[in-house]
Structures are given as C-alpha cells and as structure tokens.
Amino acid sequence: MQFSTKLLHPGCETDQVTGAVSVPIYQVSTFKQPSVDHPGEYDYARSGNPTRRALEETIAQLEGGVKGFAFASGMAAISSVFCLFNTGDHLVVCQDVYGGTYRVLTRLFNRFGIQATFVDTTDLDKIRRAIRDNTRALYLETPSNPLMKITDLAGAVGLARERGLLTIVDNTFMTPYLQRPLELGADIVVHSATKFLGGHSDLVAGLVAVKEERLAREVGFVQNSLGAVLGPQDSWLLMRGMKTLQVRLDREQETAGKIAEWLAGRPEVTRVYYPGLIDHPGYGLHRRQAKGPGAVLSFELSTPELAWQVMERVQLPALAVSLGAVESILSYPVTMSHAAIPPAERHALGITDSLLRLSVGLEDADDLVADLAQALEAL
Ligand SMILES: *Cc1c(COP(=O)(O)O)cnc(C)c1O
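Residues numbered from 1 in each chain as written. Predicted model: local features only at pLDDT ≥ 70, side-chain atom pairs only at ≥ 80, totals over all residues. Heavy atoms only, no water.

K.L.:
I tried to follow helix 4 (residues 99-107) on my own but got confused; where do I start?
P.N.:
Along an α-helix, residues three or four positions apart point the same way, because every turn accommodates 3.6 residues. Within helix 4, burial applies to Gly-99, Gly-100, Thr-101, Tyr-102, Val-104 and Leu-105. Taken together, the buried residues of helix 4 touch helix 3 (74-82), strand 2 (90-94), strand 3 (115-119), strand 4 (135-141) and helix 13 (343-349). (Buried < 20%, exposed > 50% of the residue type's maximum accessible area, 1.4 Å probe, protein only. Helix = DSSP H or I, 4+ residues; strand = E, 2+ residues; numbered from the N terminus. Contact = heavy atoms within 4.5 Å.)

Right, here's the structure in full:
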C-alpha cells in the first residue's frame, strides 16, 4: 500500500460494532469486566482506550513499527522514552536539539543521574568520540531545529549497533511521510504530533513508535506507570488531522521551496537554511534518507533589527511558537523554541539574534512571498 492509502486505511479505521467510518470517541475511564477471572481487552483507560489504541496502531503502521504509543504532548512522549534509562546511563544527543528536550535532560533527568552530551551529530566522528562505556543511546533530530542540519541516520545507527546503543529519532519535522527512521535501523521514533501530524494548531499530543516487541513492552510499561496518556477526544482529533497529512505536506513543501529560493536571492537575507536548496551542506544526504525537504526553513537577516522588523510587519504568518500547521507560523528561536538554551551556547550553535524560522502553511505561495517582501522593505 502506498503511504496516502495507509493514512486512510491503517486497518483500524472502521468501528467493528457499527461500521462507523470514523473511530468513535470512547469517552470513558473504566470498562465492565466480563468476569473476574477473564478480564476484557480493556480494563482502565490509562492502560488502554479504544480511541487511543486506534491512533497508536496508526502511527505504528505509518512508521513501520510493531507498536505505537500516544502521549499528552511531545514532551510527555520524549520524557517517557527517557524513562527507559537508569541512574548512571549516558546519552549522546544532537547539539541543536529541541529546547524542551534540552531542558528536560539538563534540568530534570540530570537530577536522576541520567547524563547527556550534546554533540554535532552531522559529524559521525564526533558521535563516536562522545560515546562512553555508560552510553546507552543516541538521540537525534534530522533536519535539526532551527538550523536544519542533516545527520546521517544509517551511519549513526551503524555506530550505535557496534556499541549496543539504542537509536532514538525525533521525526517531528519530517513525519513518516517524508522520513522513516525505523526503516533505516533506528529503534524508537518520537513525535510532537502537535505539529505536522495534527496539522491544524488545535491540539497538543505526542507519539512514539518502536521497532521491536521488547521495547514495546518497556515503553508500554512506562506509559502505563507514568500515565502521561493522550485523552480520547484529542486522539480522535489527531487521527482526523493525520488523514490529510500527505496532501498538506505536499503543498506546504512546494511553497516552502519557492520561498526558500526567493529568500536566497534577497540582499537583506544573509543565509537560508533549507535542505531543499542545492547548496545546503546536507542536501545530498537528506535526499538519500528522506523523501523531501519538508516545509520548515530558517533564514538569517543582515541585522537583528531587520529580524524584528519582519516579525512586526508580516501579515500572513502568525508570529508564534510551533510549526507544521495549515497556517504559516513565523518564530524567533532565540526567545521561543531555544530560549531554554543559555545565550552563549545558543550563539555558538549559530542560533543568532537575526535568525527567523518559518513554517510554511497552505496559504498561496505568491501571497506569502508578497507579504515577506513588504515586511523586508526598508522603512
Ligand atoms: C514541539 C516539539 C517538541 C515538543 O512537543 P510538544 O508537543 O510541544 O510537547 C519536541 N520536538 C520537536 C522537534 C518539536 O518541534
């Protein structure tokens, strides 16, 4: 089955009882047991809810995993995966990792003795050098946020396997439509489903898909123990959003390509970070491991003042955190997604005060370009 068909027919899309073509919302907390010694498939809704289960089966299908898990947010999903580790364990994490992931590792999981080293994972040698005796996993984002750096997933998986480490990939920016890390050998995929999967800026959710049964049992144990599960209403809304993932992303990506080309030709713009541009350092690698460059790009203006001007003058993109929505979103990584990273570290990474990130939505490409043009014009 092609991906677009799988989105609509993951195998759990029809209600077995009524034939309803939209999965019913099981707004319930507990399930009457058939008998004391033969409990039913469901007992208590933290442990399992049929609406959530359908969503979990869908993400497992789409990522090519054995099992999926739905959480109350992307951070709940990511934190639950970090709960697989023990005191004394060490993780190698990509340098410009999502700010919330950086925060939870450096200010929360560190309290439990789980250590993390942040390295530029675009360089496999740097990953190799960061691996210690107590390293248990690589944690990767590609393209990374907001500089769209590309990590060689198969190469990193190769290193991880040599040393018996897990490979965990945050696939939020690509979605399983454009990139499937499990097929490239990764063990766990995490998502902020708040972004492209939900797609409409109307819910907060996180998803996990795992490649094999042992990990499925471990993540399932954490999900049930910690209890950061997604409720049935949001599970339903997320499935509703995911049905149009491919058509949304196709169009958003096409427009993002046009905007990236246009920005690259503007004198006020000093750099454009988009893996669809041929001069992007990860262009070839990204093309080999993903189906497309996606719909998020970052660009640096000649001065911070110009960046502020653009943020104040754009009309169409919402000045906001988040990405992956039907409406375009312009964000300022310094005060938004990457505010949790100390300024000195942030600047060393290249996340400067002149950098903006644009998540391209479904508005007309020419309208978006015209809006950016008026916002860039000198006052
Ligand atoms: C937004 C985001 C997260 C966090 O997800 P929430 O749903 O906001 O908790 C994690 N990783 C990436 C790449 C994100 O963009």
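K.L.:
What exactly am I supposed to notice about the pairing of strand 12 (residues 355-359) here?
P.N.:
On a regular strand, one side chain projects to one face of the sheet and the next to the other, so that they alternate. Burial runs high along strand 12: 5 of the 5 residues are buried. Side chains Leu-355, Arg-357 and Ser-359 project from strand 12 onto one buried face, and the interleaved Leu-356 and Leu-358 project onto a second face that is buried too. As defined by bridge partners, strand 9 (residues 296-301) adjoins strand 12 across 5 bridges and the pair is classed as antiparallel. Bridging from a neighbouring strand, Phe-299 pairs with Leu-356 of strand 12. Pairing analysis gives 3 bridges linking strand 11 (residues 329-331) to strand 12, with the strands arranged antiparallel. In the sheet register, Leu-330 faces strand 12, and the bridge partner there is Leu-358. (Pairing = 2+ DSSP bridges.)

K.L.:
How do you make sense of the sheet that holds strand 11 when you look at a structure like this?
P.N.:
Ordered in space as 8-9-12-11-10, the 5 strands form an open sheet in which the pairing is mixed. Each end of this open sheet is capped by a strand with a single partner; those strands are strand 8 (269-273) and strand 10 (318-319). Alignment of strand 8 against strand 9, held across 4 bridges, turns out to be antiparallel. Bridge assignment links Val-269 to a residue of strand 9, and that residue is Leu-301.

K.L.:
Would you take a moment to explain the domain arrangement of the protein chain for this structure?
P.N.:
Parsing the protein chain into structural domains produces domain 1 (3-242) and domain 2 (245-376). One C-alpha centre belongs to domain 1, the other to domain 2; they are set 26 Å apart. Taken residue by residue, the interface counts 36 residues in domain 1 and 41 residues in domain 2. The junction of domain 1 with domain 2 conceals about 3,300 Å² of combined surface from both sides, 65% of it contributed by carbon and sulfur atoms. In terms of surface lost to domain 2, no three residues of domain 1 exceed Leu-147, Tyr-177 and Phe-196, which account for 23% of the buried area on that side. For the pair domain 1 and domain 2, the interface holds 0 salt bridges. The tally of links between domain 1 and domain 2 comes to 18 residue pairs in polar contact (both at pLDDT 80 or more). Broken down by secondary-structure element, the contributors of at least two residues to the side of domain 1 that touches domain 2 are helix 1 (3-8), helix 4, helix 6 (153-162), helix 7 (175-178) and helix 9 (232-242). When the residues that make up the side of domain 1 that touches domain 2 are grouped by side-chain class, the tally is 19 nonpolar, 13 polar and 4 charged. (Domains from an automatic or database assignment. Buried area = accessible area lost by both parts, 1.4 Å probe. Salt bridge = Lys/Arg side-chain N within 4 Å of Asp/Glu carboxyl O. Polar contact = N/O pair within 3.5 Å; in protein donor to acceptor, adjacent residues only side chain to side chain. Nonpolar A, V, L, I, M, F, W, Y, C, P; charged D, E, K, R; others polar.)

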